[in-house]
Amino acid sequence: GGGDTPPSGLQTLSALEVLQLGFNDIHSLTACRHLPLGALKVLFLQGNDISRLEGLDVLSQVRELVLDKNKIRHIDVGALQGLVNLRELRIEENGLKSLSNFVPLPRLQALHLGTNRIADMSDVDKLSALPCLLDLTLANNPIARKQLYRATAIQKLPTLRILDNKEITGEERDRVDVLFATETRSSPAYLAGAGSGGAPPHSLLHPHNHPHNQLHSQGAKVPIKISSMTFDQLGGPMSHAHPSHMTHAAHALGGALSGPSHQQASFVCIGLSKNNDQQVRDNEWHPFHNSTGDFFLPAGKMSGRTRANSGHSEGA
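Reference entry: report on the structure contained in this document. Treat the numbers as computed from the prediction; the structure is a model and nothing was measured. (Residues numbered from 1 in each chain as written. Predicted model: local features only at pLDDT ≥ 70, side-chain atom pairs only at ≥ 80, totals over all residues. Heavy atoms only, no water.)

To continue, consider helix α1 (residues 149–156). Counted residue by residue, α1 has six buried out of eight residues, so it is predominantly covered. All buried positions along α1 are accounted for by Tyr 149, Arg 150, Ala 151, Thr 152, Ala 153 and Ile 154. (Buried < 20%, exposed > 50% of the residue type's maximum accessible area, 1.4 Å probe, protein only. Helix = DSSP H or I, 4+ residues; strand = E, 2+ residues; numbered from the N terminus.)

What the eight strands build is an open sheet, ordered β1-β2-β3-β4-β5-β6-β7-β8; its pairing is mixed. The open sheet terminates on both sides in strands that have one partner only, identified here as β1 (18–20) and β8 (166–167). In this sheet, strand β3 (residues 64–66) lies alongside strand β2 (residues 42–44) in parallel orientation, the contact comprising three bridges. Along β3, the bridge assignment pairs Leu 43 with Leu 65. (Pairing = 2+ DSSP bridges.)

Bringing unusual backbone geometry into the picture now. Looking along the chain, the bond that leaves Val 103 and enters Pro 104 is cis, with omega of 0°. By secondary structure assignment, the location of Pro 104 is in the loop between β4 (88–90) and β5 (110–112). Look at Asn 140: it is not a glycine, yet its phi comes out positive at around 65°. Relative to the assigned elements, Asn 140 resides in the loop between β6 (135–137) and α1. Taking relative accessible area as the criterion, Asn 140 reaches 56% and is therefore assigned exposed. Its identity is not glycine, yet Asn 165 carries a phi of approximately 65°, on the positive side. Mapping Asn 165 onto the fold places it in the loop between β7 (162–163) and β8.

See below:
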C-alpha cells in the first residue's frame, strides 16, 4: 500500500564485492553516494569519461580501484580521503599532470600512473607521505625521461620495492645513496656551511656511518679515477730512472686506495699523456715512441716495422 518505490538494480546488491563498469560512458561518480556499496572491494571504471573523482567517500572497503583511460587531469583535495583500505590504484592514460593530493591513503601499496603528463621531478616528494607504497609506475611520463629520474625516485621513496615494473635491488639502492651523498658534499649549500663554520650533515661528519663506507667495510669494489698522473710515472723506465716521480705516483695511489676497510678497486682509469721532458731509452718500449703492435707481442718478439728499423740500424 505505501508510495515507496522498492529498491532495484545496484541498490539491491548490498553484499556486492566486485563491480565492473568499464567502457560505459560514465561521466560522474556522484551516484556512488546513493548506492549500498559498503561491502565493495574491487571497482573497475576504466574507459569512461570521468574527469573528477567525487563520491568515493562511501567506498571505505575498496581494495582495488581502476580508473585507466579516463579524463582525470588532477586530483581534488580530499577526493581519496574515504579510501582508507585501498591497496592498489590505477590512473593510467588520463592526462594527469600532478602527483598532488594522493594522501591520505594509509594502506596503498601499488600506484600505477603510467602514460600521463607528469613532468615535475619535485612531484615525487608528494608521494613520500604514502607510508606503505611498494610499487610505483610512472613510465611514459615526461618525468621518466629526465636525467636521474630513477635514482631520484628511489632516493625520495625509501619504502619502494618496484619502480616501472623493475625491482629495486639492495645494491641499486646503495649506489643511489652513494650518488646523492656525493652530490651533497659538492653542493653549494654544503660548501657554504663548511666555509662559514657550519656543521656538515651527521653522516658526513662520521664517514664510517655512511652507506658508501659500509660497502667498503664489506669488501665491495669501487671505481677509482686517476687523471693527473702520466703513464710513465706508474712503471716502466721511470721506475728506476726517476724515483721521485714514482714516489709521487705511489703516494697518489696510496691515498686513493688506503683506508681501514682496505677496499679493492674494480678498475683504475689513468689519463695517458706524453712527458716531453722525459728522454726514453732506445732499448725500452714506450707507447708514444714505438709501434703499438709491439705491446701485444710475446716477450722477445717485435713487429715487422720495428724489425726492419732494427736491421737498418745494424746495417748502418
